[in-house]
Amino acid sequence: MTYIPLFTDQISEGYVILFTGLLIVFTSLLSLSLLFKYGLPLMLYIYKVITKRKDKKISEIKVEADRNFTGEIAAAIGAAVHLYLDEQHDHESAILTIKQVKKPYSPWSSKIYGTQNRL
Amino acid sequence: MTYIPLFTDQISEGYVILFTGLLIVFTSLLSLSLLFKYGLPLMLYIYKVITKRKDKKISEIKVEADRNFTGEIAAAIGAAVHLYLDEQHDHESAILTIKQVKKPYSPWSSKIYGTQNRL
Amino acid sequence: MTYIPLFTDQISEGYVILFTGLLIVFTSLLSLSLLFKYGLPLMLYIYKVITKRKDKKISEIKVEADRNFTGEIAAAIGAAVHLYLDEQHDHESAILTIKQVKKPYSPWSSKIYGTQNRL
Amino acid sequence: MKKILLIFGVLSLLIFIRPALGLNSNSGTNTISSSVSVNQANQVDETDSLGEAFEGVKHFYNYTGFANATSGNLLMILIGIVFIYLGIKFDYEPLLLIPIGAGVIIGNIPFVAGNQTGIYETGSVLNYLYFGVVKGVYPPLIFLGIGAMTDFSSLIANPKLMLLGAAAQIGVFATFMGALYLGFNLPEAGAIGIIGGADGPTAIFLSSKLANGVNVLADGTVVKNLIGPIAIAAYSYMALVPVIQPPLMRLLISKEDRKIKMKPPRAVTQKEKMIFPVVALILTTFISPSALPLLGMLFFGNLLKESGRTERLADTARTKLIDIVTILLGVTVGASTQADIFITKDSMLIFGLGAISFVIATMGGLLFAKFMNLFLKGDNKINPLIGAAGVSAVPDSARVVHTEALKSDPSNYLLMHAMAPNVAGVIGSAIAAGIILSFLG
Amino acid sequence: MKKILLIFGVLSLLIFIRPALGLNSNSGTNTISSSVSVNQANQVDETDSLGEAFEGVKHFYNYTGFANATSGNLLMILIGIVFIYLGIKFDYEPLLLIPIGAGVIIGNIPFVAGNQTGIYETGSVLNYLYFGVVKGVYPPLIFLGIGAMTDFSSLIANPKLMLLGAAAQIGVFATFMGALYLGFNLPEAGAIGIIGGADGPTAIFLSSKLANGVNVLADGTVVKNLIGPIAIAAYSYMALVPVIQPPLMRLLISKEDRKIKMKPPRAVTQKEKMIFPVVALILTTFISPSALPLLGMLFFGNLLKESGRTERLADTARTKLIDIVTILLGVTVGASTQADIFITKDSMLIFGLGAISFVIATMGGLLFAKFMNLFLKGDNKINPLIGAAGVSAVPDSARVVHTEALKSDPSNYLLMHAMAPNVAGVIGSAIAAGIILSFLG
Amino acid sequence: MKKILLIFGVLSLLIFIRPALGLNSNSGTNTISSSVSVNQANQVDETDSLGEAFEGVKHFYNYTGFANATSGNLLMILIGIVFIYLGIKFDYEPLLLIPIGAGVIIGNIPFVAGNQTGIYETGSVLNYLYFGVVKGVYPPLIFLGIGAMTDFSSLIANPKLMLLGAAAQIGVFATFMGALYLGFNLPEAGAIGIIGGADGPTAIFLSSKLANGVNVLADGTVVKNLIGPIAIAAYSYMALVPVIQPPLMRLLISKEDRKIKMKPPRAVTQKEKMIFPVVALILTTFISPSALPLLGMLFFGNLLKESGRTERLADTARTKLIDIVTILLGVTVGASTQADIFITKDSMLIFGLGAISFVIATMGGLLFAKFMNLFLKGDNKINPLIGAAGVSAVPDSARVVHTEALKSDPSNYLLMHAMAPNVAGVIGSAIAAGIILSFLG
Ligand code: NA
Ligand code: NA
Ligand code: NA
């Protein structure tokens, strides 16, 4: 694929791409954010109006999610994860040990790991 | 690959393919069914004669299957599945929720999901 | 790729390859074994000197391995495996049976095994 | 914050909506300047080369979908959304409809040709993934997985039900004739006919061999590339089986017949299940060698499952391997519906023929089931409903039969019995594909 | 029902068996008519164009396997069935024999050339999957998985056992000489020799580079394509290791020696296990760079396993990835035994040489083990049986050793110790392959 | 045993170290003879053709890495070892660094060209696997997996945080300008700039399209192949994010600001999460169609995850599929650093620019976050630290933010909040890549 230059000077085109690019990146992510701030609720409302609350299945799928997934939980998870990450290495080694003791020989095409694989 | 016509007229050849095709489909599935109705038992009998019941391994593999897998069970399963299918969506959402609460952030190349993946 | 002969006579070249090959195979595996008998401990010692025992993480990972993975265990495993291999076929059939009773129909793209797959 | 979001947002939207609103370029200019001024606020000093920046935006704008969107693209994107909606909301074959729907959207994002973006442009990523469809490589791999997850015991226990799988193939050949009468040439008609097989992979495999836009006929004309429409039609109607079949069942099968209870199938020994794939592979492919890639892999997969020694391979084949292929196949088949290539009279005809083919196939199965009952005595009688499962569309049609039977008798569980014609239908369609291929390939 | 089944069946069978029975075409005709009459009963009115329908059947018949089957095909299909039987019944490497067996059947279903069916026809699905074999892509991926599942600790704990893996390579070079004496040219002989490595992937890799039917010799002759026979020979004898090795062990190793108990290997630290793959990778590939694709992937996989940070990658490599490749490799290698190409004097010679190579390799390992004992004191003495594990054929030969040792002393568990020469044998064979490749590639 | 091991060993080492030590060939000869004498002891009689054997060794020696090693190779191998060490010891992105490190070693084992060994030699296994990098096929597949494992709720709950992902892209365009000033031509500079996106797959995708050593410029010059250096730089700095970002955070963000607690994000309904991927896919690719392969797959994967009907496909995409691609991508990208091609002034410049780009990107995110706070009231205020997560490098930068915040206030858990700009950064970089591609592609 051949590239035909828009501008004689590379640098100046560079600046164009610099500005245009930033402008577009911002615009697109901004419009996306606006869409989800204002557009989405509208869409959902319209959808609800159209389907007159007949949409069982999906609501079922989401319902519990809503109940449980409050911000508090979110924060809690944050905490949990934090603690979790610190302990991880020990887990890692523990797991390693188990694996090691469980199959310190299992090589290829072994009937053994055909089973291990199942266990 | 070039196609050389058997018949000058497409439609008439179409009919030939129609009849031949149906005939052959029926013949093949019929011969398959006959084979399994009459041929297979024969083969098994011969096999048994040849190996003079020496075939432990395979028989072991199948034995329990025979015991348990009676028609009643089959019917029972049918019932179970039926009930099961009705409840499924709730399962689905339940699973969803769990997943969601378990890793609402796990993106790519995270040490976290290296572990999640194991859990 | 074209092959340019080193020697006019195939057989004689064959012998060269025979002797050279064996020599090299032995040399390489021997040097590998020497490296691990004498070289590795040295490397580890140097590494320890350099890092002045600062290497926590890795040591954590290995520590338990060392404790538990004594020769006795190794032997024990050998035994276990031995017994295990003998029983295997029954396992196999057992597993088979279960599978069979669990999904004697699950075909493609079924919502059913979408779930089985999860279980 | 709201304020700035709004100002910035409105302006930026203007940039893109402008042409739609047909505003003149002035508004364009001040859009730029003002949004730039916002950028300024951000972090960079952009006072110079404003004009060029505007040039740049205009230059770039010609690459955006807003500049190149056709009504066809928008229509197809809407269809893609509908596919996804159907899959999620009504649970119609979501494993197929959702990837295909997403593919339809991806394939119809407007782009400037020559940038290696579109699925039909050599060198594009989608084109590389599409390779497996064009060359018919994905379908056999899916059949491998199907084989590794299908249990043929109900078929082995009750071989005569195989005939129902054969009867449903009338749909294939009838559609084939219909396509001929509508003016498609033989290979194209053959590919279209297979839609009646209600089997996506088989349809893709056959169309990739017959209607691939490459083969040349005796009279020098090149066959059309119908892979996309045929695949979409096949999968759409497979997903709609729960909608198409019930009325036909009620139409053709009497209340009493629907109540018939079938005696539980006999137990099948593991040894029989091991022998089945081998024997079936040899016999069916001897009769229809062109179906070898499909039937060979199907029964190979089943052997892996039943051998009792290769469980780990069977498990991979029926889970991760089939999943990976399903994802790639779904998204590429979807993306192949690029509006300019997909929206044609042919596609419409194919969709019409497809609908008919499913109806005929279902009726064929139902009627042949009633016909068989004429020869069956007492508790050997079969419930004619299971004839509908002969169209394959595994396992939905079997589950439709199951559900219908329950409506007339809540204690009548046909699922197990319906699986027999259902898998037989898969074999039947593959054989039919092989026959058509050997005649027209 | 029985009745109609029988009538219809007998007639239809006649259609296909006729030529075998050499009946004249009349019987053919009434076959058609009568079976058609049955069809009539089914659903369609076929009274017209009966003659043409007969034409069609005849035309189609020429495509069926019944019309094109050769004794060679039938023989190979039988062999395929035997492979599957051995795998299922005696549990000989079922993960290899069953896919290969199924492949042998698939590859020998008779077909009409030019329909993109056979594995050697460009554009056929099997041909695309075979690509990974012809280009030697599958073997390194399998080695990746092997590396990710192999634990080298026993080797690290007892490095001197590596020499046993080297000793067994005598089988490779001896077979190579044998092949030369039998008149194969150098590259072919090299590829055949590697059978003695008792390592399927290595054999496929080397033969795909040396005896691929493409390379041209100095004297202008094109090397034969021996990938199929070599791969089949290698895998067959690997599966037969439990049959081949025990007698040789009893022949060469005295009762007392077989009783020798080896002291448990020392514990190996995780750090050693992390360093091993890196050092081994560098050293071995520096010595034999042509073995890079095999050894590089082997030790890379092992690094993924031992790093303790990439468990998820190692797990995928040793389960789903290796399974997928094993399935594809097995079925395509099997299918490559298409009778007309496979059944040749060369194949027979290769099978003969293969058998010998395994015997020599085993003896080499056993004798060198005894030889080593001359230099070892007290409880450092090794049990010569483990020398047999040097042929690789991982892990069967190690398990054979284990079992044999138990026969002479039920409390002597050699499995752990036998794994050392066993994996050393894999490395040794790969190095040998590299050497041969750099001499003859 | 020790004795013989030593004798044999010393001698054999001599063979290879000789040239290094510059010993004369005599020592070589007696090396042979003596080691042969050992071989004799083993099992074969080698008394004849000693001279030729010596010839053979010499001939073979020219193929070994010892004969062909360059200082460049050794340096790169060392670097590979360092990568692995960093991954294991400090847990820096081990899933990337370890495969890449192993690849670097594999790619720098010295070999004789023309033997189909090197990654740049047509027909070599590595070359076939490298195909997915050169053609940009791997990155979209990885994005598919990322999409299937990413939860966008925090982004949906707090859309304005997307702007942080945009702000960080300043790094991309600044680096692009820097590359231009350093004399790279436009396409090369574009490919280098994307390093600032802190996103490996995006970097590989863009460089495979712009700086692939194939494209020709208007003035007839061929662009350089910079895929290797760019990918290595991107992944190296992604791994070093925990080292690069904290100082910048402390430099730019005041103690008080670091203490800001953000209010927990609102709950997001499943319906919103289902709609997000579809809408985002359409909008972003309409704006930047050239990013279709990346964004299309990313949001397709996310749809599979959120649809609630395709969990099994999503699971495969985010586990086995992404693992397989990660292994292949890592090892081939690593191997592409073959010394003679990799060690150039360009590579050094690229590494320099890469470091700068990460700094600029981080600062851009942090400063824009402070800027946003000017418009935000009360508990709507954001913690400026999360701006640093806008560079993507998912999820490390988010975790760095989390850790930094905890240092100033042990009860301030930002991980959830930081994920929003983090994933926005991925989208932003992909869009930026699309823009650059549409300008320079
Ligand atoms: Na069908
Ligand atoms: Na070996
Ligand atoms: Na980014």
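The rules behind each value
- Residues numbered from 1 in each chain as written.
- Chains lettered and ligands numbered in written order.
- Predicted model: local features only at pLDDT ≥ 70, side-chain atom pairs only at ≥ 80, totals over all residues.
- Heavy atoms only, no water.
- Helix = DSSP H or I, 4+ residues; strand = E, 2+ residues; numbered from the N terminus.
- Buried < 20%, exposed > 50% of the residue type's maximum accessible area, 1.4 Å probe, protein only.
- Areas by Shrake-Rupley, 256 points an atom, 1.4 Å probe, with all protein chains shown as cover.
- Contact = heavy atoms within 4.5 Å.
- Polar contact = N/O pair within 3.5 Å; in protein donor to acceptor, adjacent residues only side chain to side chain.
- Donors = N, O, S within 2.8 Å, 3.2 Å for Na, K, Ca; no water.
- Phe/Tyr/Trp six-rings, centres within 6.5 Å; stacked < 30°, edge-to-face > 60°.
- Axes fitted to C-alpha atoms, helices over the stretch in contact; angles between N-to-C directions.
- Parallel < 35°, antiparallel > 145°, perpendicular 65-115°, else oblique.
- Left-handed = near helix turned anticlockwise from the far one by under 90°.
- Nonpolar A, V, L, I, M, F, W, Y, C, P; charged D, E, K, R; others polar.
- pLDDT = per-residue confidence, 0-100.
- Buried area = accessible area lost by both parts, 1.4 Å probe.
- Salt bridge = Lys/Arg side-chain N within 4 Å of Asp/Glu carboxyl O.

1. Observations concerning the overall build of chain A
For chain A, the count of helices and strands is four helices and one strand. Scored against the burial criterion, the 119 residues of chain A give a buried share of 55%. As displayed, chain A has an accessible area near 5300 Å², and 66% of this comes from carbon and sulfur atoms.

2. Notes on helix α12 (residues 186-193) of chain E
The buried count for α12 of chain E comes to eight of eight residues, which makes it a mostly enclosed element. Every buried residue of α12 of chain E is listed here: L186, P187, E188, A189, G190, A191, I192 and G193 of chain E. Those residues of α12 of chain E that are buried lie in contact with α1 (10-51) of chain C together with α11 (170-181), α13 (200-210), α14 (227-252), α20 (345-373) and α22 (415-440) of chain E. Between the side-chain oxygen of the N-cap and the backbone nitrogen of E188 of chain E there are 3.2 Å, and the N-cap of α12 of chain E in question is N185 of chain E.

3. Notes on the coordination of the sodium ion (ligand 1)
Residues and elements named next belong to chain D. Only G197 (O), V391 (O), S392 (OG), G425 (O) and S429 (OG) from the protein coordinate the sodium ion (ligand 1), and they sit 2.1 to 3.1 Å from it. Read N to C, the donor residues that coordinate the sodium ion (ligand 1) are spaced as G-x193-V-S-x32-G-x3-S. Residue V391 is found in the loop between α20 (345-373) and α21 (396-408), and its partner G425 is found in helix α22 (residues 415-440); the two are separated by 34 residues along the sequence.

4. Digging into the coordination of the sodium ion (ligand 2)
Ideal coordination angles are 109.5 degrees for a metal with four donors arranged tetrahedrally and 90 or 180 degrees for a metal with six donors arranged octahedrally. Residue and element names in this part refer to chain E. Within the protein, the atoms that donate to the sodium ion (ligand 2) are G197 (O), V391 (O), S392 (OG), G425 (O) and S429 (OG), at distances of 2.1 to 3.1 Å. Counting gaps between the donor residues of the sodium ion (ligand 2) yields the pattern G-x193-V-S-x32-G-x3-S. Note that G197 is positioned in the loop between α12 and α13 and G425 in helix α22, a separation of 228 residues in sequence. Residue class for G197 comes out buried when judged on its relative accessible area of 2%. Under the relative-accessibility criterion, G425 is labelled buried at 0%.

5. Digging into the packing of aromatic side chains
Overall, the coordinates contain 51 aromatic pairs over all chains when judged by the stated rule. Ring plane angle 45° and centroid distance 5.6 Å describe the contact between Y237 of chain E and F358 of chain E, whose orientation is recorded as tilted. Of the two residues, Y237 of chain E is situated in helix α14 and F358 of chain E in helix α20; the sequence distance between them amounts to 121 residues. The two residues Y237 of chain E and F358 of chain E agree in class, both being buried. Within the aromatic cluster, the residues linked to one another by ring pairs are F26 of chain A together with F368, F371 and F375 of chain F.

6. Digging into the packing of α14 of chain E against α20 of chain E
Residue and element names in this part refer to chain E. Running from N to C, α14 and α20 cross one another at 40°; their axes reach a closest spacing of 9 Å. Put simply, α14 runs oblique to α20. Seen along the crossing, α14 lies across α20 with a hand that is right-handed. Residue classes in the contact of α14 with α20 are distributed as 20 nonpolar, six polar and one charged.

7. Comments concerning the packing of α1 of chain C against helix α16 (residues 270-287) of chain E
Running from N to C, α1 of chain C and α16 of chain E point in directions that differ by 140°, and their axes come no closer than 10 Å. As far as their axial angle goes, α16 of chain E and α1 of chain C are oblique. Every pair of crossing elements has a handedness; the one defined by α1 of chain C and α16 of chain E is right-handed. When α1 of chain C is examined against α16 of chain E, the residues I24, S28, S31, L32, L35, F36, L40, M43, L44 and Y47 of chain C are found in contact with a partner set consisting of K271, E272, I275, F276, V279, A280, L283, T284 and I287 of chain E. Here the residues of the contact of α1 of chain C with α16 of chain E are counted per class, giving 14 nonpolar, three polar and two charged.

8. Notes on the confidence of the model for chain A
All names here are of chain A. Taken over all residues, the pLDDT of chain A has a mean of 55, while the share at 70 or more is 36%. Looking over chain A, one finds the lowest element-wise mean pLDDT in helix α4 (residues 111-118), namely 30, and the highest in helix α1 (residues 10-51), namely 86. Confidence drops under a pLDDT of 50 for residues 1-7, and excluding neighbours within four residues, the segment shows 24 contacts in the predicted structure. Here residues 55-119 scores under 50 on pLDDT; set against residues more than four positions off or in separate chains, the count is 156 contacts.

9. Examining the interface of chain F and chain A
At the junction of the two partners, chain F supplies 58 residues and chain A supplies 47 residues. Together chain F and chain A conceal approximately 4900 Å² of surface at their shared face, both sides included; 81% is due to carbon and sulfur atoms. If you look at where chain F meets chain A, you find zero salt bridges. Taken together, chain F and chain A are joined by one residue pair in polar contact (both at pLDDT 80 or more). The element best represented in the side of chain F that touches chain A is helix α16 (residues 270-287) of chain F, accounting for eleven residues.

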